[in-house]
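The lines below spell out each chain.
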Amino acid sequence: MFYNSADDWNNAAHKRVALFGMSGLGKTHVANILRRDGHWFHYNVDYRIGTRYMGEFIVDNFKREAMKNPFLAELLRTDSIDISSNISFDNLAPLSTYLGKPGNPDLGGLAFEDYMHRQSQHRIAEINALSDTGHFINRAQTLYKYDNFICDTGGSICEIVEPDNENDPVLRHLSDNLLLVWIKGTEAHADQLIARFNAAPKPMYYPPEIMRDMWASYLAEKGQSEDEVNPDDFIRWGYAEALHHRQPRYAAMAENWGVTVAAEDVAQVRTPADFDNMIADAITNKTR
């Protein structure tokens with residue numbers, strides 16, 4: 001573990017953490033508080049994925065849609081217009097839109113194999129973005145003169161690592177550079193996340209074997225062909241399963257590589273001092 005005691009954490013000249021857990025439990029909330037303080041560098045993994053590693057895929061997808069319009073197609077071919085992705089920390093819609101959802105094309109769905117190809121692209125991009133953490137820690141300190149560093153990971157981090165493998169390259173890289181912190185939710189939080197997701201379903205990353213099993217099960221249960229599937233209905237159907245699948249993987253990451261904080265405690269963080277105290281308590285609970 002990067003900090004062996006609460007004293008190590010409290011006395012550290014450079015505090016470094018990576019938050020992980022399901023989306024919606026407070027990772028970005030805390031990162032924004034720390035960033036506004038002016039002493040913390042905020043490294044957003046999803047933003048890095050959507051700019052450095054999948055930016056070209058995203059923009060090409062925009063252009064592919066624009067090429068269906070003869071007026072826009074001619075302007076694109078003559079370089080008369082420019083199409084770009086306006087992705088930001090607070091708006092990751094360009095990345096979500098590219099990942100898409102499988103199902104009926106008339107409802108915005110992708111052919112299943114096209115969807116799986118994009119899932120594979122995301123997996124590679126996420127591994128690369130997480131592996132860039134050490135580079136950004138160095139940049140933050142030497143170039144921008146930030147004392148502290150927070151890595152805001154995506155909810156799918158647990159799907160691209162092996163928590164019980166002490167030689168997992170991504171987890172080894174992260175644990176060598178910062179403290180891994182799991183934001184643990186309750187069953188009530190899970191119910192809230194499911195309700196929120198059902199109201200506004202968005203694309204997620206799933207391991208290929210899980211996604212193929214889910215897709216086959218859904219088609220059999222609904223008695224539908226691939227082109228008949230409502231994309232939002234399928235994503236809603238699979239979300240609860242994905243949420244429960246991820247919990248033991250997050251727990252193993254925290255047990256083997258880091259510490260755990262409660263989502264309700266994260267929700268109470270209002271200042272960097274609040275955050276420092278919460279992390280110090282988590283380290284004490286882990287090492288006592």
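See the structure above.
Residues numbered from 1 in each chain as written. Predicted model: local features only at pLDDT ≥ 70, side-chain atom pairs only at ≥ 80, totals over all residues. Heavy atoms only, no water.

1. A look at the pairing of strand 2 (residues 40-44)
Along strand 2, 5 of the 5 residues are buried, which leaves the element largely enclosed by surrounding structure. The side-chain alternation of strand 2 yields two buried faces, one formed by Trp40, His42 and Asn44 and the other by Phe41 and Tyr43. Of the strand pairs in this sheet, strand 2 and strand 3 (residues 148-152) are connected by 5 bridges, and their pairing is parallel. Across the sheet, asparagine 44 pairs through a bridge with aspartate 152, a residue of strand 3. (Buried < 20%, exposed > 50% of the residue type's maximum accessible area, 1.4 Å probe, protein only. Helix = DSSP H or I, 4+ residues; strand = E, 2+ residues; numbered from the N terminus. Pairing = 2+ DSSP bridges.)

2. So, the sheet that holds strand 5 (residues 258-262)
The 5 strands lie next to each other as 2-3-1-4-5, forming an open sheet whose pairing is parallel. At either end of the open sheet lies a strand with only one pairing partner, and these are strand 2 and strand 5. With strand direction ignored, the average angle separating the axes of adjacent strands in the sheet is 25°. Bridge analysis of strand 1 (residues 16-20) against strand 4 (residues 179-184) gives 4 bridges, and the strand direction is parallel. Among the inter-strand pairings, valine 17 is bridged to a residue of strand 4, identified as leucine 179. Packed on one face of the sheet, helix 3 (residues 45-53) meets strand 2 and strand 3 and runs near 55° to strand 2. (Axes fitted to C-alpha atoms, helices over the stretch in contact; angles between N-to-C directions. Contact = heavy atoms within 4.5 Å.)

3. Notes on the nonpolar core
If you look at the biggest cluster of nonpolar residues, it comprises 85 residues, and the most contacted ones within it are Trp9, Phe149, Phe275 and Ile279. For phenylalanine 275, the contacting residues outside a window of four places in its chain are Trp9, Val17, Leu19, Val30, Leu34, Trp40 and Val269. (Core = buried A, V, L, I, M, F, W, Y, C linked by side-chain atoms within 4.5 Å.)

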